[in-house]
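Summary of the model geometry
Listed below are the residues making up each chain.
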Amino acid sequence: MKWPRDIPFDPARRRYYQLDSSFRHNPSDYELLNPLEIYPVRTTLSGDTVPITAGPRKYVAWGSRTESSYGLPALRAKPRVIVAHRNKPLDIYGFLTRRLVSSRARELLHAIDPEGFDFAECDTVTRGGRPIEPYWLMDVARLAPGFDKSRSVFDIRHGEDGITGEKYSWIGDLYDIHMAPDLPADHHVFLLPEHSLHMVFDEVLADAWRAHGFLGAAFQPMQPPTRRERSPSALRYANFDYWVNGRFRERTAGA
């Protein structure tokens, strides 16, 4: 499949990326060994003890009436993890916003945006129980003001609560996002209140990660992809058909 030549890429425009897990690697090849020690716990009606992993920062997501949380909570103990059970060590493990990163990845992210992340150092071993350089539990520590919906292209999806019957909406795929003009230039990572399950990196973080050759992450463009990003591997992104199949022309024609 060929990429269209008329994709409206503007090199002066600031770029943003949804942080995804690389399909070339196994983001589940790790284990947090002591969740009941590090997190607060609660007892279910069946008598089971489960960890409370909610972060300390609160917000109300787009289309919702209930509070959500983000960031790392105050941990009760040092996390213990095992990484690279079966495969080569990665620089990032996990999904959504709560991740596990290598020391070298943590150093890079903290150097570029020291206020953007929560980190907690872990006692780390690999297969055979061999100690290795520490990995870090990580979560996003910043909520963005949102994106400019009048200029952006995205899907709105609708659902109904199976218990209460209450109807609700949420933001689905993000195709072409224009951030709010008051987003500071030094905010390189953030959580979008409209798309709150995914961490967003700007071009500074994404380009630095790729330049260092770190393993385990994929970056889904949230605007027209650069020529370098128009590769066969990009076809795995949820929003690829908007660009590859020329759907962007529909917006131009309707303008």
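Quick note: structure is the one above.
Residues numbered from 1 in each chain as written. Predicted model: local features only at pLDDT ≥ 70, side-chain atom pairs only at ≥ 80, totals over all residues. Heavy atoms only, no water.

1. Regarding the nonpolar core
- Judged by nonpolar contacts, the single largest core of 26 residues is most densely connected at Leu 109, Phe 117, Met 138, Met 199, Phe 201, Trp 209 and Phe 219.
- Secondary structure elements with two or more residues in this core: strand E1 (16-21), helix H2 (103-112), strand E10 (117-121), strand E13 (135-140), strand E16 (189-191), strand E17 (199-202), helix H3 (203-211) and strand E18 (217-221).
- Of the residues forming this core, the biggest block, four residues, is contributed by H3.
- Once you skip the residues sitting within four places of it in the chain, Phe 201 turns out to touch Arg 15, Tyr 16, Tyr 17, Leu 19, Leu 109, Phe 117, His 188, Val 189, Ala 206 and Phe 219. (Core = buried A, V, L, I, M, F, W, Y, C linked by side-chain atoms within 4.5 Å. Buried < 20%, exposed > 50% of the residue type's maximum accessible area, 1.4 Å probe, protein only. Helix = DSSP H or I, 4+ residues; strand = E, 2+ residues; numbered from the N terminus. Contact = heavy atoms within 4.5 Å.)

2. Here's the deal with the sheet that holds E17
- Across the sheet, four strands lie side by side as E16-E17-E1-E18; this open sheet has antiparallel pairing. What marks the edges here is a single partner per strand, and that holds for E16 and E18. Averaged over all pairs of adjacent strands, the angle between strand axes in this sheet comes to 40°, irrespective of strand direction.
- Taken together, the three bridges between E16 and E17 define a ladder with antiparallel strand orientation. Bridge pairing links Leu 191 to Met 199 in E17. (Pairing = 2+ DSSP bridges. Axes fitted to C-alpha atoms, helices over the stretch in contact; angles between N-to-C directions.)

3. Considering the packing of aromatic side chains
- By the definition in use, this model includes 14 aromatic pairs.
- Taken together, a centroid distance of 5.6 Å and an interplanar angle of 40° make the contact between Tyr 30 and Tyr 93 tilted. Here Tyr 30, found in strand E2 (residues 30-32), pairs with Tyr 93, found in strand E8 (residues 92-94); they are 63 residues apart in sequence, far enough to count as distant.
- By relative accessible area, which is 27% here, Tyr 30 ends up partly exposed.
- Centroid distance Phe 147 to Phe 154: 5.2 Å. Interplanar angle 75°. Geometry classified as edge-to-face. Like Phe 147, the residue Phe 154 is buried in the burial classification.
- Linked through ring pairs, Tyr 17, Phe 117, Phe 119, Phe 201, Trp 209, Phe 214 and Phe 219 together constitute an aromatic cluster.
- The ring of Phe 119 has Arg 106 sitting right over it, with the charged end atom 5.1 Å from the ring centre. (Phe/Tyr/Trp six-rings, centres within 6.5 Å; stacked < 30°, edge-to-face > 60°. Lys NZ or Arg CZ within 6 Å of the ring centre and 35° of its normal.)

4. Examining the pattern of salt bridges
- The final tally for this structure, using the stated rule, is 16 salt bridges.
- Between Asp 176 and Arg 13 there is a salt bridge, and its shortest N-O distance comes to 2.7 Å. Of this pair, Asp 176 sits in strand E15 (residues 167-176) while Arg 13 sits in the segment before E1; the two residues are 163 residues apart in sequence, bridging distant segments of the chain.
- Here Asp 176 falls in the buried class, since its relative accessible area comes to 10%.
- Connected through shared salt-bridge partners, Arg 15, Glu 203, Asp 207, Arg 210 and Glu 229 make up one network. (Salt bridge = Lys/Arg side-chain N within 4 Å of Asp/Glu carboxyl O.)

5. Looking at the environment of Trp 3
- With respect to the helices and strands, Trp 3 occurs in the segment before E1.
- Look at Trp 3 and you get buried, because its relative accessible area is 18%.
- Placed 237 residues apart in sequence, Trp 3 and Phe 240 show a C-alpha to C-alpha distance of 9.9 Å.
- Of the polar contacts made by the side chain of Trp 3, one reaches the backbone oxygen of Arg 230; its length is 3.4 Å. (Polar contact = N/O pair within 3.5 Å; in protein donor to acceptor, adjacent residues only side chain to side chain.)

6. Here's the deal with H3
- Every buried residue belonging to H3 is among Leu 205, Ala 206, Ala 208 and Trp 209, and all of these are buried. The buried side chains of H3 occupy one side of the element, clustering within an arc of 165° when seen end-on. (Arc of directions from axis to C-beta.)

7. Thoughts on the pairing of strand E11 (residues 123-126)
- Residues Thr 124 and Thr 126 point to one face of E11 and are all buried, whereas Asp 123 and Val 125, pointing to the other face, are not buried.
- Both strand E7 (residues 80-83) and E11 contribute to a ladder of three bridges, which runs parallel. Bridged to Val 81 within E11 is Thr 124.
- Where E11 meets strand E12 (residues 130-131), two bridges bridge the pair, whose relative direction is antiparallel. In the sheet register, Val 125 faces E12, and the bridge partner there is Pro 131.
- Here E11 folds back onto E12 in antiparallel fashion, the turn holding three residues, of which Gly 128 has a positive phi close to 85°.

8. Points about the packing of H2 against H3
- For the pair H2 and H3, interaxial distance at closest approach is 11 Å and the crossing angle is 150°. With respect to H3, the element H2 is oriented roughly antiparallel. Crossing hand, H2 versus H3: right-handed. Of H3, the residues touching H2 (which contributes Ala 105, Leu 108, Leu 109 and Ile 112) are Val 204, Leu 205, Ala 208 and Trp 209. (Parallel < 35°, antiparallel > 145°, perpendicular 65-115°, else oblique. Left-handed = near helix turned anticlockwise from the far one by under 90°.)

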